[in-house]
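Residue-level listing of the chains:
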Amino acid sequence: MDWIENINKITREHPIDVVMPIWEVAIKTLLENKDRLEHPKKLVPLPSLQNFTIARNKERLAAHLERFGIPGPKTTFFTPHLLECQEELKLKFPLLAKPLRGGGGIGILKFGDYESLIGYFKEIRTRETYILQEFITGEDFGCNVLCDKGEILAYTIQKGNLWDPSKPYSAQIGLDFLYEEKLFQTVKNLMKSLEWSGIADLDLLYHPESDTFYIIEINPRFWATLTAALMAGINYPHLLIQITMQQKIEPQRYKFMPYVNLDGLKILLKQNKRLIFNTSFIWHNTPLKYRLDDPLPIAYEAFLKVRDFFRKKV
């Protein structure tokens, strides 16, 4: 029995109101097989398969941004021929090389000149597909949205303020919720151009010299800082359920507040041990209270660490 048949069986046998995919593979599969669902109206709002593909493919997204005049870094598709002909590159260094299927900053490499670029790719001879983008210096921002046919129904904007130093180009582990009008208008134009429905997580860079917000990436799925948005006042999964069940959504507002995840909290405690006494901040600006409500993942992580420790001893 395949996955779609199993969904049909469950919705047939149980009082299921909503079918909500949370990761890209599930979303793509449902978009490709929507006509096989017995109850397609129970599926949460999703973009079209074409626009979903644009959002998750860095090369296609870059072309879409250029087509609609939305700011984005200059991008080209990496081909082995570029290793022999620098003139065809037509991008200014420094450059970022990004794996086409990557996400969350994983696998991104920075090159300061043509020699280091060709040296690296000639040495590794990878079969991975890459795009090359001009490196933009600026400040990291993010925007989460819930849309219906291109119109934004709810959103949160955040600026990164803390990163894991061991993971360059990875997602922020600390952020501030705030509002930036230019950023919002840029995101609004992009979502409208994609006629987007459902949720999305966007990464942006602000370039102070040009006073421009550049679209870097769209994650067409739920994101790692979903709990942060909840603590700021926007419950995206609940709103998505309401829309699916054709319930009215009231205008949404979020709190301007700092947030740090548990990895970020560890770093802050190392920097300032007195923070342990700031119980108000720890309780209201980190996800600790949610982890304590569901301690099983913490216990499992502790088990894995103990197991790995003793394996190394052996």
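Now for a quick tour of the structure.

For the rest of this paragraph, the subject is the overall build of the chain. Looking only at helices and strands, the chain has twelve helices and ten strands in total. Expected size for 314 residues packed as a compact globule is a radius of gyration near 20 Å; at 22 Å, the chain falls within 12% of this value. If one aligns the C-alpha atoms of the chain with their principal axes, the spans along those axes are about 60 × 55 × 50 Å. Looking at the chain as a whole, 42% of its 314 residues are labelled buried. By sequence separation, contacts in the chain at least 24 residues apart represent 64% of the contacts at least 6 residues apart. About 18400 Å² of surface is accessible on the chain, with carbon and sulfur atoms providing 54% of the total. Across the chain, the 41 positively charged side chains and the 38 negatively charged ones have centroids separated by 4 Å.

So, about the sheet that holds strand β3 (residues 109-111). Here we have four strands laid out as an open sheet, ordered β1-β4-β2-β3, and antiparallel in their pairing. At either end of the open sheet lies a strand with only one pairing partner, and these are β1 (75-77) and β3. Taken over all neighbouring pairs, the strand axes of this sheet differ in orientation by 25 degrees on average, direction set aside. One ladder, built from three bridges, connects strand β2 (residues 95-99) with β3; its direction is antiparallel. Bridge pairing links Ala97 to Leu109 in β3.

Let us look at the packing of aromatic side chains. With the rule as written, the count across this model stands at 13 aromatic pairs. Judged by centre distance (6.3 Å) and plane angle (50 degrees), the rings of Tyr155 and Tyr179 are tilted. Remark: Tyr179 occurs in the loop between β7 (174-178) and α6 (181-193) and Tyr155 occurs in strand β6 (residues 151-162); sequence separation between them is 24 residues. Taking the relative accessible area as the measure of exposure, Tyr155 reaches 22% and is therefore partly exposed. Ring-pair connections join several aromatic residues into one group, and the members of that group are Tyr155, Phe177, Tyr179, Phe184, Tyr254 and Phe256. Note that Lys110 overlies the ring of Phe135, its terminal NZ or CZ placed 3.9 Å from the centroid.

The periodicity of an α-helix, 3.6 residues per turn, causes residues three or four places apart in sequence to face the same way. Among all positions of helix α8 (residues 236-244), only Tyr236, Leu239, Leu240, Gln242, Ile243 and Thr244 are buried. Elements that come into contact with the buried residues of α8 comprise β5 (139-148), β6, β8 (198-207) and α7 (226-232). Between a side-chain oxygen at the N-terminus of α8 and the backbone nitrogen of His238 the separation is 3.2 Å; the capping residue is Asn235.

A large share of β2 lies buried, amounting to five of its five residues. With five bridges connecting them, β2 and strand β4 (residues 130-134) associate as antiparallel partners. Bridge pairing in β4 places Lys98 opposite Ile131.

Basis of the calculations
Residues numbered from 1 in each chain as written. Predicted model: local features only at pLDDT ≥ 70, side-chain atom pairs only at ≥ 80, totals over all residues. Heavy atoms only, no water. Helix = DSSP H or I, 4+ residues; strand = E, 2+ residues; numbered from the N terminus. Rg over C-alpha atoms; globule rule 2.2 N^0.38 Å. Buried < 20%, exposed > 50% of the residue type's maximum accessible area, 1.4 Å probe, protein only. Contact = heavy atoms within 4.5 Å. Areas by Shrake-Rupley, 256 points an atom, 1.4 Å probe, with all protein chains shown as cover. Lys, Arg positive; Asp, Glu negative; His and termini not counted. Charge placed at Lys NZ, Arg CZ, Asp CG, Glu CD. Pairing = 2+ DSSP bridges. Axes fitted to C-alpha atoms, helices over the stretch in contact; angles between N-to-C directions. Phe/Tyr/Trp six-rings, centres within 6.5 Å; stacked < 30°, edge-to-face > 60°. Lys NZ or Arg CZ within 6 Å of the ring centre and 35° of its normal. Polar contact = N/O pair within 3.5 Å; in protein donor to acceptor, adjacent residues only side chain to side chain.

Everything listed here is a matter of coordinates, which is why it stays silent on function.
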